[in-house]
Amino acid sequence: MTVDTNLDLLDNDPVFNLKGGMLTVTVIEVVRLDTGRFARQLGDKAAQAPNLFRDTPVVLSLEKLDAHMNVSTLAGLLQICRNHGLVPVALRGSENFRPLAQQSGLVLMPPGRGRDRAVEMPVSDDAAAATPAATEPAAETAAAAPGQNKIVTQPIRSGQQVYAPGGDLIVMAPVSAGSELLADGNIHVYGPLRGRALAGVRGDTQARIFCQSLEAELVSVAGHYKVAEDLRKESLWKSAVHVCLEGDSLKIAAL
């Protein structure tokens, strides 16, 4: 009897690889159940950066709530997220939420360890009043007075966020991975940019990002963005560049 060795070779030829990786996922922390205000406030944020919300995976954190939420209420929150282009992939909370996650077709993730950083995009007064103040030191936020340029001379650490409302943000030091820069105007980084940089967060399409070494997790101008996976394909990766918006796409050019 003849054995077909070609079939054996095909069976042993792997058709996939398992790889570990670190992915940045947006977390929406629900601090109180009010679907009407949730919809309005999420709509405010989505209006400021619509492309940043498009097809973005999110985790809905229920850690600040009790375990008595019903399926229909959760379904309403999930649908509001989807209406704005977000893609809910998991819930985060205690084991009490596992039945709710399973009924909703989502994964349950364990509670966080207080290392999330708030994304302080400008919102309405109602939204700001409903957002609790951050107490975790790693989520430190620094902001300039509205309408002024902000100059930072110290390195920006992982977990830190700096925002310049109404002006430019100028960083005279390295920006670490896991940190975030936001400005209504331009962003200048006189060093490596390894975190996230979002310029023109109120919709200024003329805003630009300048850095001495592009190593960013994400760059965005007026809601149009590129992530690290796309940026690494650029020939100017780890080079001095400026980033601007041309039409509906970002252009990265050498300084």
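Please refer to the structure higher up on the page.
Values in this document were obtained by computation on a predicted structure and should not be read as measured data. Counting starts from 1 at the beginning of each chain's written sequence and moves along it residue by residue. Only residues with pLDDT of at least 70 are given local features in this predicted model, and only at 80 or more are side-chain atom pairs given and counted; all residues enter the totals for whole chains, interfaces and linings. Hydrogens and water molecules were not included; the side-chain quantities draw on all heavy atoms of the structure.

## As for the sheet that holds strand β6 (residues 150-152)
At least two bridges found by DSSP between two strands are what make those strands a pair. Helix numbering and strand numbering both begin at the N terminus, where a helix is a DSSP run of H or I of at least 4 residues and a strand a DSSP run of E of at least 2. Ordered by their spatial adjacency, six strands build an open sheet running β6-β8-β10-β12-β15-β16, and the pairing between neighbours is mixed. The strands lining the two open edges of the sheet, one partner per strand, are β6 and β16 (249-254). Within this sheet the neighbouring strands show an average axis-to-axis angle of 25 degrees, counted without direction. Here three bridges tie strand β12 (residues 209-214) to strand β15 (residues 241-246), and the two strands are oriented antiparallel to one another. The residue bridging C211 from the neighbouring strand is V241, located in β15. Lines fitted to the C-alpha atoms define the axes, with helices restricted to the stretch that makes contact. Angles between their N-to-C directions range from 0 to 180 degrees.

## Topic: the pattern of salt bridges
The salt bridge definition used is simple: a Lys or Arg side-chain nitrogen within 4 Å of an Asp or Glu carboxyl oxygen. Under the defined criterion, the tally for this structure stands at eight salt bridges. Of the charged contacts, one joins R92 and E63 as a salt bridge, the two residues approaching to 2.7 Å between their closest N and O atoms. Taken together, the positions of R92 in strand β3 (residues 86-92) and E63 in the loop between β2 (56-61) and α4 (71-83) put the pair 29 residues apart, joining distant regions of the chain. A salt bridge links D184 to R202, with the shortest nitrogen-to-oxygen separation between them at 3.4 Å. Note that D184 is positioned in the loop between β9 (180-183) and β10 (187-193) and R202 in the loop between β11 (196-199) and β12, a separation of 18 residues in sequence. Partly exposed describes any residue whose relative accessible area lies between the buried limit of under 20% and the exposed limit of over 50%, with all areas from a 1.4 Å probe on protein chains only and scaled to the type maximum. With a relative accessible area of 10%, D184 lands in the buried category. For R202, a relative accessible area of 58% translates into the label exposed.

## Topic: the environment of E63
What makes E63 partly exposed here is its relative accessible area of 30%. Counting along the chain gives 47 residues from E63 to P110, while the straight-line C-alpha distance between them is 9.4 Å.

## Comments concerning the sheet that holds β2
Backbone-to-backbone hydrogen bonds pair the strands of a sheet. The strands run either parallel or antiparallel. Spatial strand order, β1-β2-β3-β4: four strands in an open sheet with parallel pairing. Sheet topology places β1 (26-29) and β4 (107-109) at the edges, where each strand pairs with a single neighbour. Sheet twist, expressed as the average angle between the axes of neighbouring strands with direction ignored, equals 40 degrees. Judged from the four bridges that link them, β1 and β2 form a sheet pairing that is parallel. Note on β2: the bridge partner recorded for E29 is S61. Residue contacts are defined here by distance: any two heavy atoms, one from each residue, within 4.5 Å place the two residues in contact. The strands touched by α4 within the sheet are β1, β2 and β3, with β3 carrying the most contacts at an inclination of about 145 degrees.

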